[in-house]
Amino acid sequence: MLLKRGWLYFVGGVLLWMVAAQSWTGQASCPSKIELAGKVSVWIDATASAGYSDAIQQPFEAVKSSFSYGSTRSAIWVKLDVSAPPACLKAPQNWLLRMNVPYHDRIDAYWQDANHQLIHWQGGDQVQGQHQQTARLPTIPLSLLSSDPLNPQTFLIRFASQNTLNVSMDLISEQAYQQHEQTMLLVSAFVGALILLALLFALLQLFIFRAKGFLFFAGFTAAISFIMMFVHGWTTVFWPARFGDAIGTLAQAFALFFLVLLSNELLKLKHYYKKLFYAQFIATSLVVGWAVVSVVMGQYRWSLPVTHLVAFFIMLGLLFTAVRLWRKEPLAKVYVLVFAVTVFALMVRIGVIQGFVPINFWTDNSMSLALTMQVLLFLLIMFIQNYQEREHRLALEAANAQLFTSATTDYLTGLLNRRYFFELAHTELERTRRYARPLACLMLDLDHFKAINDRYGHAVGDKALVAFAETLKRELRREDLVARFGGEEFVVLLPEQSLSEALTTAERLKVQIAQMELALADSESPLTITVSIGVSTLWPTDTTLDELLMRADDALYRAKAGGRNRVESE
């Protein structure tokens, strides 16, 4: 009992110490970030022509620290009243007013320093010269903030952009800002490396398998990469000023275009819904064309609302189509699961851009997270589909090869059949006559084959035919045409052989056949067979293959009549 009470006292003491430490820390430490909730108010300049002296006299309405007005020609003036927390007085630090949206065209900030001098700061991704933005996010360096909550420091900030006007700000210490940027750099590098590996792998698959689906995937991945760079502010770091909006506008249009082509490869949309596919293809092609015109004219606001509207309906259409193909296409199920999450995230992002959805960390980064997942899973789907199609193609090629073999060869001996022999022999005859080259023919017939079948059975007869065919394959050249003409009769066409050479070949075959021994039952001696051969050559007066074969057949008849196991020539 005493031990149990001791443990209770110990645990209670630890909990009290933790609460006390947390309370003391919360009171004593200076926060690295100041929340702006309740400190932000807005005035909309519909003409976008008011200056600081005009804006300071206007009535401002209180809003959240993050908000969006979508695509508008108006300028947004933000009034920010902020003071440093009392805990920061003992350890003063430098503060930064950070804009969490990197693609505003122009930002003008005004405030008074300790000497009541008006300070004007300029930034934005369309500002050039000494005020050109080089950091990932626009940040305004501030002097020491007022520590009097009743007399906070006032900032007046003007936002104008051809892109959507999303305003998200916070006050952050310089040290915390640098730590956050280092983290973002590592995360972006990791995501970029994943996408780069996916892109390189797709290009490798395109080079190896020649599958155009990987080309569409590469285009989609490249467009997605540029979109993510634009959304997170990396275009202002790696490209000159004024290029960021053009990159973001074109990347969104091309991503939609390649998404339709890639979805067609994955789900075979053209096969199942041909009209729908062509409608989507034409719509996205027009979106790309309109984006190019907008970039050339420098009017990005012409393109973005159109792109977002078409993207909304295209993605819903693709998702609906994938659901309809759930049972017809094996990959449709994976496509639906991946694409449903992606469509939801992209619609959230479009809602943020157009001002329908509030801005926070998850809504602001929903597109980047979803698109990274989509790129990697699309690559996996493409690889699975390509593997399945390759296996199917190999199986089909093997089946076709088997069908071709069945149609062109003798099922028992594996030699050419009569029909295919004539097809190849006519081609060889034309070549021989064109180039005036020699051509010989052998007609072979196994001696007393009927007697072998009658005495030993057809199984032994078939065995003799197979052994005879194997000997011909082994003794003859690769370019020689060897066929089973019917029953126990065979024919050989010998390109580039004269009569004397053909006779030598025939004699060698006769000897090799005679030396064959076929094993029978244990009680019987091995079976030997002989062959009679007729030889003929192509005459200059021959006009058909039948004449060559007829003379070889006549010579074979004489070999049979002369006692068999002989070679006779024309």
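Fair warning: this is a prediction, and the values are worked out from it, not measured in the lab.

### Here we look at the sheet that holds strand E7 (residues 106-112)
Then, number 1: Judged by pairing direction, the sheet is antiparallel, and its 6 strands sit side by side in the order E3-E2-E5-E10-E7-E8 without closing on themselves. With partners counted over all chains shown, the strands left at the sheet margins are strand E3 (61-63) and strand E8 (118-123), one partner each. When strand polarity is set aside, the average angle formed by the axes of neighbouring strands in this sheet is 25 degrees.

### Focus: the side chain of Lys510
Then, number 1: For Lys510, the position within the fold is in helix H15 (residues 499-514).
Then, number 2: For Lys510, the residues in contact, after removing those within four places along its chain, are Val531, Ile533, Asn565, Arg566 and Val567.

### Quick notes on the packing of aromatic side chains
Then, number 1: The full count for this structure, using the stated rule, is 17 aromatic pairs.
Then, number 2: Seen in terms of ring centroids, Phe421 and Phe422 are 5.9 Å apart; in terms of plane orientation they differ by 75 degrees. Their pairing is edge-to-face.
Then, number 3: Here the aromatic cluster, defined as three or more aromatic residues joined through ring pairs, consists of Phe254, Phe257, Phe258, Phe277, Tyr278 and Phe281.
Then, number 4: Its end group placed over the ring of Trp234, Arg136 keeps NZ or CZ at 5.8 Å from the ring centre.

### Digging into the pairing of strand E13 (residues 481-486)
Then, number 1: Along E13, 5 of the 6 residues are buried, which leaves the element largely enclosed by surrounding structure.
Then, number 2: For E13 and strand E14 (residues 489-495), the ladder comprises 5 bridges, and the chain directions are antiparallel. Bridge assignment links Leu481 to a residue of E14, and that residue is Leu493.
Then, number 3: Linking E13 to E14, which pair antiparallel, is a turn of 2 residues; within it Gly487 sits at a positive phi near 60 degrees.

### A word on the layout of surface pockets
Then, number 1: Approximately 620 Å³ is the volume attributed to the largest pocket.
Then, number 2: Taken together, 25 residues form the lining of the largest pocket, with Ser188, Val191, Gly192, Met228 and Trp234 sitting closest to its centre.
Then, number 3: Every element with two or more residues in the lining of the largest pocket is listed here: helix H3 (174-209), helix H4 (212-231) and helix H11 (361-408).
Then, number 4: With 12 residues, H3 is the single largest residue contributor to the lining of the largest pocket.
Then, number 5: Each residue belonging to the lining of the largest pocket can be placed in one class, and the counts come to 16 nonpolar, 9 polar and no charged.

### Quick notes on the confidence of the model for the chain
Then, number 1: In the predicted model, the chain carries a mean pLDDT of 82, and 87% of its residues have values of at least 70.
Then, number 2: In this model residues 6-11 is a low-confidence stretch, pLDDT under 50, and it forms 0 contacts with partners more than four residues away in sequence or in other chains.

### Details of H15
Then, number 1: The end-to-end C-alpha separation of H15 is 22 Å, in line with the 22 Å expected for 16 residues at 1.5 Å each.
Then, number 2: Those residues of H15 lying buried are Ala502, Thr505, Ala506, Leu509, Lys510 and Ile513. Each buried residue of H15 lies within a common arc of 140 degrees when the element is viewed along its axis, so the set occupies one face.
Then, number 3: Along its buried surface, H15 packs onto strand E12 (439-446), helix H14 (458-475), E14, strand E15 (531-537) and strand E16 (567-569).

### A closer look at the packing of helix H13 (residues 449-456) against H14
Then, number 1: Relative to each other, H13 and H14 sit at 140 degrees, their axes nearing to 7 Å. In this view, H13 runs oblique relative to H14, as classed from their interaxial angle. Together, Phe449, Ile452, Asn453 and Tyr456 of H13 and His458, Val460, Gly461 and Leu465 of H14 make up the contact between the two elements.
Then, number 2: Among the residues forming the contact of H13 with H14, the class breakdown is 5 nonpolar, 3 polar and no charged.

### As for the environment of Phe216
Then, number 1: Turning to its location among the elements, Phe216 is positioned in helix H4.
Then, number 2: Distance in space between the C-alpha atoms of Phe216 and Asn264 is 9.9 Å, their sequence separation being 48 residues.
Then, number 3: If we ignore the near neighbours within four places in the chain, the residues touching Phe216 are Phe258, Leu261, Leu262 and Glu265.

### A short note on the packing of H4 against helix H6 (residues 243-267)
Then, number 1: The interhelical angle for the contact between H4 and H6, taken along N-to-C directions, is 150 degrees, at an axis separation of 7 Å. Relative to H6, the element H4 is oriented roughly antiparallel. The crossing of H4 and H6 is left-handed.

Criteria and thresholds
- Residues numbered from 1 in each chain as written.
- Predicted model: local features only at pLDDT ≥ 70, side-chain atom pairs only at ≥ 80, totals over all residues.
- Heavy atoms only, no water.
- Pairing = 2+ DSSP bridges.
- Helix = DSSP H or I, 4+ residues; strand = E, 2+ residues; numbered from the N terminus.
- Axes fitted to C-alpha atoms, helices over the stretch in contact; angles between N-to-C directions.
- Contact = heavy atoms within 4.5 Å.
- Phe/Tyr/Trp six-rings, centres within 6.5 Å; stacked < 30°, edge-to-face > 60°.
- Lys NZ or Arg CZ within 6 Å of the ring centre and 35° of its normal.
- Buried < 20%, exposed > 50% of the residue type's maximum accessible area, 1.4 Å probe, protein only.
- 1 Å grid on protein atoms, 1.4 Å probe; cavity = no way out; pocket = protein on both sides within 12 Å on 5 of 7 lines; lining within 4 Å.
- Points joined across faces, edges and corners; volume = space filled by probe spheres on them.
- Nonpolar A, V, L, I, M, F, W, Y, C, P; charged D, E, K, R; others polar.
- pLDDT = per-residue confidence, 0-100.
- Expected span 1.5 Å × (residues − 1).
- Arc of directions from axis to C-beta.
- Parallel < 35°, antiparallel > 145°, perpendicular 65-115°, else oblique.
- Left-handed = near helix turned anticlockwise from the far one by under 90°.

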